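Fold and geometry: a report
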Amino acid sequence: MSLPPGPFVRCGFNAALLLLGLVLAGFTSTGGSEHAATAALPAAFSDMLPRFLVEPEDEYIVKNKPVTLTCRSTPATQIYFKCNGDWVHQDDHLIEHSVDPATALPVMQVTIEITRQQVEKIFGLDEYWCQCVAWSTTGTQKSQKAYIRIAYLRKNFEEEPQGTEVALDQEVLLRCHPPEGVPQAEVEWQRNEDVLDPVSDPNFFITSEHNLVIRKARLLDTGNYTCVAKNIVARRKSNSATVLVYVNGGWSTWTTWSSCSAVCGRGWQKRSRSCTNPTPLNGGTSCEGQNVQKSACVATCPVDGGWSEWSKWSACGADCSMWRSRECSQPSPGTGGKDCQGLDLQSINCTSEQCPQTVSGAEDVALYVGMVAVALCLTLLLIVVVLVYRRKKEGLDADVADSSILTTGFQPMGIKPSKPENSHLLTIQPDLTTTSYQGTLRSRHDTTGKFSMTNGPLLDPLPNGSHTLHNGKLNSDPAEFVSRLSTQTYFKTLPRDVANTSYGTFNFLGGRLTIPNTGISLLIPPEAIPRGKIYEIYLTVQRKEDLRLPLAGCQTLLSPIVSCGPPGVVLSRPVILSMDHCFDACLDNWAVRLKKQNYEGAWEDVLLMGEELVSEPYYCQLEAETCRLFTEQLGTFALVGESLHMGAAKRLRLVLFSDAYCSTLEYNIRVYCMDDTQDVFKEVMQMERQLGGRLIDEPHVLLFKDSYHNLRLSIHDMPQAHWRSKLLAGYQEIPFYHIWNGSQRYLHCTFTLERLSLSTCELTCQLCVWQLEGEGQSFALDFNIAKDTRALDAEFLLMDSNATALAGPSAFQIPYLIRQKICSSLDAPCPNGADWRMLAQRLKLERHMSFFASKASPTSVILDLWEAQHFHSGNINQLATVMADIGKQEAMIFLVSDGEC
């Protein structure tokens, strides 16, 4: 017989417990003591509280297998389990009695089984828990709670590792979020089915979030990686992620130079290197650059031996002969040259007192004949030299027969005439003692006798080989010139874009080439071309897509790629190449290099801005938006910059275009983000003219910093009742590297707007362009899409109507003779400083003093730079004032009015 535990537990009184113990003590069974939950205690232990020897532990139910909870206590009269607040029925308890041999105390142990169904009844409401309660005659004790949970592990990973390709020695992170499970799953990683052990291989590290980190990728780390999650229920494996460790190729060291290809004179030598340090693997990039370098060399020619003069004849000997000798020493044979051919000792018969007298005189006759022949040769040579000199002098006089070319006014042909208020100009009285130039000074407004040239030869060859200067323009086909030039070997890469090419024929008087609306020009100063030489020179701007300039790291192109040539022409002094640039002109923020393409097509660094050497053939004058390059060698040039810190900025020109005519509901606005150089702006304007576009606002300039942040564009404040944007996102972005590396020449974004009615023509909105965490620009648009027909070539694109090629004095503002007088007056050092140094200071060019001083005529170089800077906007009066302030009265420099000219 048994009693349910509920009633006497609920009363909570010790008296009731004691009474229950006495009652239960009377019910004893000899055959089934294991079914009784109570026992009588000896009197010696009746005053002790029960103590738990074993308490129930947390358990997990795996699938449908029940779990067993055990509770053991001493001394105890009865033990019952309570689960989730309810007493477990007595029949569900399994009771065992024993005696502790160490203390002789009675020990009672009770076990119960918990099934999955019991736990699922309250699943989701609360956790299932059980606790045992032990009684003695003194009181009760409760055990700890044991929680019973149903174990599981879901199939799908919350995040699986993704394959990747990494360079050698880079860090790799493979993420893994295991499936949900109870108990929480443990994670291990496998590579190609082999378990990874971070203890044995410290290159691997497993984070607390179960992600795998490969500290430094090695070639052996290439493989398939799997994340494995497991608990007491199941084991799950993620999809494999392939990690490919690649190796970028690296150049080996250069081999030594080979021997010169020529046995004698000019030749070539080469050296090579291989892409094996290291060799590219697993798709790594190959080495950039040339694997072979060539260099010009000059081989020492073999020197053949040459005889010296014969010695004097010896005295007539007793054998009736006399001797003379010579040596192979003029020069001595060297470098594998041949020895002298012939005898080094010669003898002839002679007569003396010891010999019979013989008739002599034949040798004397030969000697006299030789002397006469030498005299005749010298006379003929002198005559030839005189004739050649006189012919050259006559040809040179014919070239400059019109002296007005040398003394014409400052304003060249082909540009706007001077304004009426400029009533002064710098002039000089003609030097009538000069025989090379004849004539008088002309007024600057008298264009008779001046000439301008547009893409045509200026100096036509005459039948007798001399040249004459033609005034005016010659009809010539520009396309024919470019086509003819491109057939020559070193012009194979010359672009056949006539609109961006200028050319002309020049002699020692110099001239100027200009590509309209690009800011690119080439000034050829007087005397830059040696006298007697005539060159046909071209100037062109290369398109980025036609000529790729390799850029490395954070380098960016800062100027157009400009070619002038032909390369290899001999120049007596530097020419000045002017071109725009698009950076902030602060050399503290940049390392700017001038690059030049060599004959083999490779690009070489020839100059670092700010560290120019006056001994080098290149020198740069850097202005806010323009670079003036002094060069003694023609070729293909470009400015490449590398930012030194994040403060470095490029200038971007932001230009807005739209459709000139719109007959549909859709209306497009195109925003161009281009380098702030005139050549790119010209190309975009020409392209939009072909597309039928129109300019809808003035261009803005944005400083784009090297901060790795993208350029963001958005449109706002449109009248929602009439317009809406078809852009899905709130903005558009142009990636940083697309702008910085300049790979796309016409970078732009298009905003497609839709008007709700065809009758809507007024558009007002705000278009914003800004760099994230940087500077921005805003366009406030308010125009009529049907009536506004602003021309593309309005004031935003100043159309340059000047001749593209000017030769001789028409290309310069300072007349030739006046220039000569100024140079002769200021080149000589003056104790009070009134020389070329004061001229440089007044013109704010003192930073280049060392460069000017290295030239034979510093004043001439200063005037060349002034001409390059002020061809379109030069103020002659200002220059005249500077000259007057210097106070060189002996140079005959003074101000006169236009009427006095």
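Residues numbered from 1 in each chain as written. Predicted model: local features only at pLDDT ≥ 70, side-chain atom pairs only at ≥ 80, totals over all residues. Heavy atoms only, no water.

Assigned secondary structure in the protein chain consists of 13 helices and 52 strands. Taking all 901 residues of the protein chain together, 44% fall into the buried category. Residue pairs in contact within the protein chain that sit at least 24 positions apart in sequence constitute 69% of those at least 6 positions apart. With the model as given, the accessible surface of the protein chain reaches about 46800 Å², and the carbon-plus-sulfur share is 53%. (Helix = DSSP H or I, 4+ residues; strand = E, 2+ residues; numbered from the N terminus. Buried < 20%, exposed > 50% of the residue type's maximum accessible area, 1.4 Å probe, protein only. Contact = heavy atoms within 4.5 Å. Areas by Shrake-Rupley, 256 points an atom, 1.4 Å probe, with all protein chains shown as cover.)

Attention now goes to the confidence of the model for the protein chain. On average, residues of the protein chain score 78 in pLDDT, and 77% of them reach the 70 mark or higher. Under a pLDDT of 50 for its full length, residues 489-493 has, in the predicted model, ten contacts with residues more than four places off or in other chains. (pLDDT = per-residue confidence, 0-100.)

Looking along a regular strand, one sees the side chains alternate between the two faces of the sheet. Along strand β30 (residues 511-515), five of the five residues are buried, which leaves the element largely enclosed by surrounding structure. Burial along β30 is two-sided: Gly511, Leu513 and Ile515 facing one way and Arg512 and Thr514 facing the other are all buried. Pairing geometry for β30 and strand β31 (residues 520-524), over five bridges, is antiparallel. Within the sheet, the bridge partner assigned to Thr514 lies in β31 and is Ser521. The hairpin formed by β30 and β31 contains four residues between the paired strands, and Asn517 there has a positive phi angle of roughly 60 degrees. In terms of strand pairing, β30 meets strand β51 (residues 805-807) through three bridges, oriented antiparallel. Opposite Leu513, over in β51, you have Ala805 as the bridge partner. (Pairing = 2+ DSSP bridges.)

Moving on, we come to the sheet that holds strand β38 (residues 618-622). Across the sheet, six strands lie side by side as β38-β39-β35-β31-β30-β51; this open sheet has antiparallel pairing. Each having just a single partner strand, β38 and β51 make up the two edges of the open sheet. Averaged over neighbouring strand pairs, the angle between their axes works out to 15 degrees when direction is ignored. Where β31 lies against strand β35 (residues 575-580), three bridges are found, and the strand directions are antiparallel. Considered in β35, the bridge of Leu523 is made with Ile576. In the packing of helix α12 (residues 858-869) onto the sheet, the strands contacted are β30, β31, β35, β38 and β39 (626-631), and the crossing angle to β39 comes to about 145 degrees. (Axes fitted to C-alpha atoms, helices over the stretch in contact; angles between N-to-C directions.)

Per the counting criterion, the structure on display carries seven disulfides. Each sulfur of the disulfide joining Cys71 and Cys132 lies 2.0 Å from the other. An S-S torsion of about 55 degrees defines the bridge between Cys71 and Cys132 as right-handed. You can see Cys71 sitting in strand β3 (residues 67-74) and its partner Cys132 sitting in strand β8 (residues 128-135), a full 61 residues away along the chain. Accessibility assignment for this pair places Cys71 and Cys132 in one class, buried. The disulfide bridge from Cys328 ends at Cys340, spanning 1.9 Å between sulfur atoms. Handedness of the Cys328-Cys340 disulfide follows from its S-S torsion of about 80 degrees: it is right-handed. Taken together, the positions of Cys328 in the loop between β24 (321-325) and β25 (345-349) and Cys340 in the loop between β24 and β25 put the pair twelve residues apart, joining distant regions of the chain. (Disulfide = S-S within 2.5 Å.)

Further remarks concern helix α7 (residues 678-691). Across its 14 residues, α7 extends 20 Å between first and last C-alpha, which sits within 8% of the 20 Å expected from 1.5 Å per residue. Inspection of α7 places Asp679, Val680, Phe681, Lys682, Glu683, Val684, Met685 and Glu688 among the buried residues, and these make up the whole buried set. At its buried positions, α7 is contacted by β30, β32 (535-542), β41 (649-659), β42 (666-675) and β43 (693-695). Gly692 occupies a position one or two residues after α7 and carries a positive phi of about 80 degrees. (Expected span 1.5 Å × (residues − 1).)

Together, Leu168, Leu219 and Leu281 give the surface a local cluster of nonpolar side chains, amounting to about 230 Å² of exposed area. The residue Leu281 is located in the loop between β22 (265-272) and β23 (292-299) in this model. (Patch = residues over 30% accessible without salt bridge, like charges linked within 9 Å, V, L, I, M, F, W, Y side chains within 5 Å. Salt bridge = Lys/Arg side-chain N within 4 Å of Asp/Glu carboxyl O.)

With that settled, the discussion passes to the packing of aromatic side chains. Following the criterion strictly, the structure yields 16 aromatic pairs and no others. Between Tyr619 and Phe630 the ring centres are 6.5 Å apart and the planes differ by 65 degrees, which places this aromatic pair in the edge-to-face class. Taken together, the residues span a long stretch of sequence, with Tyr619 in strand β38 and Phe630 in strand β39 at a distance of eleven residues. With relative accessibility at 5%, the residue Tyr619 sits in the buried group. (Phe/Tyr/Trp six-rings, centres within 6.5 Å; stacked < 30°, edge-to-face > 60°.)

What follows concerns the pattern of salt bridges. One pass over the structure, following the stated rule, counts 27 salt bridges. Here Glu193 makes a salt bridge to Lys237, at a shortest N to O gap of 3.0 Å. You can see Glu193 sitting in the loop between β15 (186-191) and β16 (194-195) and its partner Lys237 sitting in strand β20 (residues 235-237), a full 44 residues away along the chain. Take Glu193: its relative accessible area is 52%, and that puts it in the exposed class. Since its relative accessible area comes to 41%, Lys237 is described here as partly exposed. For Asp659, the salt bridge is made with Arg670, and the minimal N-O distance between the two is 3.2 Å. Taken together, the residues span a long stretch of sequence, with Asp659 in strand β41 and Arg670 in strand β42 at a distance of eleven residues. Take Arg670: its relative accessible area is 10%, and that puts it in the buried class. Residues joined in a network through salt bridges with shared partners are Arg191, Asp201, Arg218 and Asp221.

The four strands lie next to each other as β1-β3-β7-β6, forming an open sheet whose pairing is antiparallel. Two strands in the sheet have a free side with no partner beyond their single neighbour: β1 (51-54) and β6 (94-99). On average, adjacent strands in this sheet sit at an angle of 25 degrees to one another, irrespective of strand direction.

In this section: the nonpolar core. In terms of nonpolar packing, the biggest core is built from 70 residues, with Leu522, Ile537, Leu539, Leu711, Leu763, Leu767 and Val769 touching the most fellow members. Of all hydrophobic cores here, the second largest spans 36 residues; its members include Cys823, Leu839, Ile862 and Trp866. (Core = buried A, V, L, I, M, F, W, Y, C linked by side-chain atoms within 4.5 Å.)

Turning our attention to the environment of Ala585. Tracing the backbone shows Ala585 in the loop between β35 and β36 (590-597). The exposure class of Ala585 is partly exposed, given its relative accessible area of 28%. Placed 63 residues apart in sequence, Ala585 and Ala648 show a C-alpha to C-alpha distance of 9.4 Å.

Turning to its location among the elements, Ser860 is positioned in helix α12. Here Ser860 falls in the buried class, since its relative accessible area comes to 4%. A polar contact is formed between the side chain of Ser860 and the side chain of Arg573, at a distance of 2.5 Å. (Polar contact = N/O pair within 3.5 Å; in protein donor to acceptor, adjacent residues only side chain to side chain.)

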